[in-house]
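Breakdown of the fold
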Amino acid sequence: MKLHHPVSDDLAFLYGTILTDGRDEFSPEPTANICVFAEAQVDRSPTGSGVTARVALQHHKGLIQLNQTRTFQSGATGSQFTGKAVEVEEIFVYRDLFVFSCTGCKEMI
């Protein structure tokens, strides 16, 4: 499969994969993320990029609304991040979602 990045060809590569429990409908209960990256390493956190991607997709599919907070839990350690979609803007020819309101991220650094 050929990958394409809208701005920079240097960014058109796959570095990791987010595995989920498939629970994308809004729920106050946490949904699980496991991030496998590099040489089959597993991240100990739900990952900010994984939370951002899932929130963006859930909002795009109409499963969550702006400012509706979701909790994401690491399938590896149980650590939790929360994220919410806060604004939608158009950048270039794509409609992008600016998500990040993530709590829990600092604790994992």
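Read on for a plain summary of the structure. Keep in mind the model is a prediction, meaning the values are calculated, not measured. The written sequence of each chain sets the order in which its residues are numbered from 1. Reporting of local features is limited, given that this is a predicted model, to residues whose pLDDT is at least 70; pairs of side-chain atoms are given and counted only at 80 or more, and all residues count toward the totals for whole chains, interfaces and linings. Excluded from the side-chain calculation are hydrogens and water; included are all heavy atoms of the structure.

1. Let's talk about the pairing of strand β2 (residues 31-37)
Basically, it comes down to this: Burial classes follow relative accessibility: with a 1.4 Å probe on protein chains only, a residue under 20% of its type's maximum area counts as buried, one over 50% as exposed, and anything between as partly exposed. A run of H or I in DSSP counts as a helix once it spans at least four residues, and a run of E counts as a strand once it spans at least two, with each numbered from the N terminus. At least two bridges found by DSSP between two strands is the condition for calling them paired.
Only one face of β2 is covered, namely the one carrying T31, N33, C35 and F37; the face carrying A32, I34 and V36 has none of its residues buried. Pairing geometry for strand β1 (residues 16-20) and β2, over five bridges, is antiparallel. Paired with G16 across the strands is F37, a residue of β2. Sheet topology places β2 next to strand β4 (residues 70-74); three bridges connect them, and they run parallel. When the bridges of β4 are listed, T31 appears paired with F72. Sheet topology places β2 next to strand β3 (residues 41-42); two bridges connect them, and they run antiparallel. Bridge pairing in β3 places F37 opposite Q41. Linking β2 to β3, which pair antiparallel, is a turn of three residues; within it A38 sits at a positive phi near 50 degrees.

2. Describing the layout of surface pockets
Definition in use: A cavity, in this analysis, means grid points on a 1 Å lattice covering only the protein atoms where a 1.4 Å probe fits yet has no way out; a pocket is instead an open set bounded by protein on both sides within 12 Å along at least five of seven lines, and a residue lines either one if it has an atom within 4 Å of a point. Grid points are joined across faces, edges and corners, and a volume is the space filled by probe spheres set on the points. All amino acids are sorted into three groups, where Ala, Val, Leu, Ile, Met, Phe, Trp, Tyr, Cys and Pro are nonpolar, Asp, Glu, Lys and Arg are charged, and the leftover types, Gly among them, are polar.
Roughly 180 Å³ of internal volume is contained in the second largest pocket. Residue lining of the second largest pocket: G16, I18, C35, S49, G50, A53, R54 and L57, and that is the complete set. If you list the elements that add at least two residues to the lining of the second largest pocket, you get β1 and α1 (48-60). For the lining of the second largest pocket, the element with the highest residue contribution is α1, accounting for five residues. For the lining of the second largest pocket, a count of residues per class yields four nonpolar, three polar and one charged.

3. Some words on α1
Convention followed: To estimate how far a helix should extend, the number of its residues minus one is multiplied by 1.5 Å. The directions considered for the arc run from the helix axis to the C-beta atoms.
Between its first and last C-alpha atoms α1 spans 18 Å; for 13 residues at 1.5 Å apiece the expected length is 18 Å, and the two agree. Every buried residue of α1 is listed here: G50, V51, R54, V55, Q58 and H59. Mapping the buried residues of α1 onto a view down its axis gives an arc of 155 degrees, with all of them on the same face. Every exposed residue of α1 that faces more than 90 degrees away from the buried side is listed here: S49 and H60. Within two residues after α1, G62 carries a phi angle of roughly 80 degrees, on the positive side.

4. A short note on the pattern of salt bridges
Keep this limit in mind: When a carboxyl oxygen of Asp or Glu is within 4 Å of a side-chain nitrogen of Lys or Arg, the pair counts as a salt bridge.
Per the stated rule, a full pass over the model turns up two salt bridges. For D21, the salt bridge identified is with R23, shortest N-O distance 3.4 Å. On the accessibility criterion, D21 (33% relative accessible area) is partly exposed. By relative accessible area, which is 37% here, R23 ends up partly exposed. R54 is the salt-bridge partner of D24, the closest N and O atoms lying 2.8 Å from each other. Of this pair, D24 sits in the loop between β1 and β2 while R54 is found in helix α1, placing the two residues 30 residues apart along the sequence. For D24, a relative accessible area of 23% puts it in the partly exposed group.

As far as function goes, none of this settles anything; it's purely spatial.
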